[in-house]
Amino acid sequence: MGVNTTVISIVVVYLAIMVLIGVVASKKIKNNEDFLVAGRKMGPWLLAGSLAATEVGGGSSLGVVEMAYGDWGFSAFWYVTAMAVAFIILSFIAPHLRKALVKTVPEYFSKRYGKKNGLVTAVIMLLPMVGLTAVQLIASATILSVMTGWSYALSVAVVTVVVAAYSVMGGMFSVVYTDVVQWFFILAGMALIIPFALDYGGGFTELTANVPTEKWSMVDGAGFGTILALVVMYVASFTVGQEAVQRYYSAKDGKAAKHASYITSIVYVIFAFIPAFIGILMYGMVQNGLIDGSIIAEQGARYALPVMAVEVLPSVVVGILFSALISATMSSASSNLLAAGSIFTNDIYHPYIKKTATDAELLKMVRWTMLIVSGLSYAIAVFDFANLITLLMFSFTLRAGGAFLPYVVGHFWERASAAGSMASLILGSITVVLAERGIVPFFGLDPIYPALIVSAVVFYGVSRFTNQSSSKYIDVDRESEAKAK
């Protein structure tokens, strides 16, 4: 299986354009706030494009094709559709997130509940970012290695360098602008493969003749319990996920943040069925003997999509598709890098390591942190070949298990206390690890459920029986709004 120079040329040009956008965006950076939240000037359409590209990454493209080809069948579309449901729910919260006028989730915890809560939240939020970035590097390198014939390790290195380069140069401006470009590539590239695949396989009826009926089920493969867990996990994780809420912090106002959520949800519903359908078509091709499935059997189903593309698409379309797939993964990786740099610098370095740091020093530290996280994620990507969906779900759940309720409820419930928040952060996060590792089975529930149950009980219980440590933490939204005026 080889790929010609036309395909490689298209992808190389695309990667060069991403770096060029980073160079151009770097000219807009005047201070640390520009780098972290793009000067809080983003409108709904730009925000929606960025939100959509940020959360549709390796799991939502390669991962969904992998699961549809495998045990989930067509019900794999719920992996993305659940995101659409989450963003509808987020639309009601988004204006409050924007109104707080913070740059990171831990900064909100510091203002609302005190510095200790902010530090613990920063640690909880920072650790999963390395894993989340690694997932996207794994997906990108998988595509690049199939496309070029390069070794997997070399492919990881190339992708890591490109993502780190444009992210470190332009910050949020760079990430948002590249996200919008990448989202158009994702939609067009993924959609293009379907008509070519159907033509290659002799039409829908012929191609799917040997696909078992149960693989077309919209629920059975994933299971209702998993679908519900995905919705709960996304609502909890996106609400506190720095890579998502940093977009809301960048909105020009609360209305823009709300409308961006609606637009993102609609786009996700449209996109969700595409990778799931491609996974089914790939399964049919292998069953019909149209494609040699040996590489998938040897390397894993994550290679299903790039293998299919090389076999059935014209060279130019293959180049567009591979650029789209790399877009999906790189957009998420760059967002995670920026989130990690923002949290470490804003919530650990500045308040605890160097309180007197100048704006220029903070900007430099954000960039150094992003480079270090890039290196750590590269190491994980090279040595760990974990299932993409599994690693993503654990990372999402870990950061949401203890932080979701104190973060959301803190905007509305004045009684929420610092002690209640701390109890939720620690015990909710521990519950995620215990459930994920099977140390405590929790009746076989997905880890997000016991984590949120424990979090709710301790957060409410401790808050009810403790006093606010200081009245200045009672209403961050109102305080920030007053400062803005």
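Residues numbered from 1 in each chain as written. Predicted model: local features only at pLDDT ≥ 70, side-chain atom pairs only at ≥ 80, totals over all residues. Heavy atoms only, no water.

A.B. asks: Account for the environment of Lys103, with residues named and values stated.
C.D. replies: Tracing the chain through its elements places Lys103 in the loop between α5 (78-99) and α6 (105-113). With relative accessibility at 16%, the residue Lys103 sits in the buried group. A C-alpha to C-alpha distance of 9.7 Å links Lys103 and Asp347, two positions 244 residues apart in sequence. (Helix = DSSP H or I, 4+ residues; strand = E, 2+ residues; numbered from the N terminus. Buried < 20%, exposed > 50% of the residue type's maximum accessible area, 1.4 Å probe, protein only.)

A.B. asks: Before we move on, can you summarise a nonpolar patch on the surface with the specific residues and values?
C.D. replies: Together, Met218, Val219, Phe224, Leu228, Val269 and Phe273 make up a nonpolar patch on the protein surface, roughly 520 Å² of accessible area in all. Secondary structure elements with two or more residues in the nonpolar patch: α10 (224-240) and α12 (254-287). Note on Val269: relative accessible area 38%, which makes it partly exposed. (Patch = residues over 30% accessible without salt bridge, like charges linked within 9 Å, V, L, I, M, F, W, Y side chains within 5 Å. Areas by Shrake-Rupley, 256 points an atom, 1.4 Å probe, with all protein chains shown as cover. Salt bridge = Lys/Arg side-chain N within 4 Å of Asp/Glu carboxyl O.)

A.B. asks: A description of the packing of aromatic side chains should follow, citing residues and the corresponding values.
C.D. replies: Under the counting rule described, the total for this entry stands at 19 aromatic pairs. A centroid spacing of 6.1 Å and a plane angle of 10° characterise the contact between Phe109 and Tyr407, whose relative ring orientation is stacked. Placement of Phe109 in helix α6 and of Tyr407 in helix α18 (residues 404-409) is noted, with a sequence separation of 298 residues between them. The same class applies to Phe109 as to Tyr407, namely buried. Taking the centre distance of 6.0 Å and the plane angle of 80° together, the rings of Trp413 and Phe459 count as edge-to-face. Highlighted residues: Trp413 in the loop between α18 and α19 (418-437) and Phe459 in helix α20 (residues 448-464), separated in sequence by 46 residues. Overall, the relative accessible area of 22% leaves Trp413 in the partly exposed class. Ring pairs connect the aromatic residues Phe74, Phe77, Trp78, Phe204, Trp216, Phe273 and Phe277, which therefore count as one cluster. (Phe/Tyr/Trp six-rings, centres within 6.5 Å; stacked < 30°, edge-to-face > 60°.)

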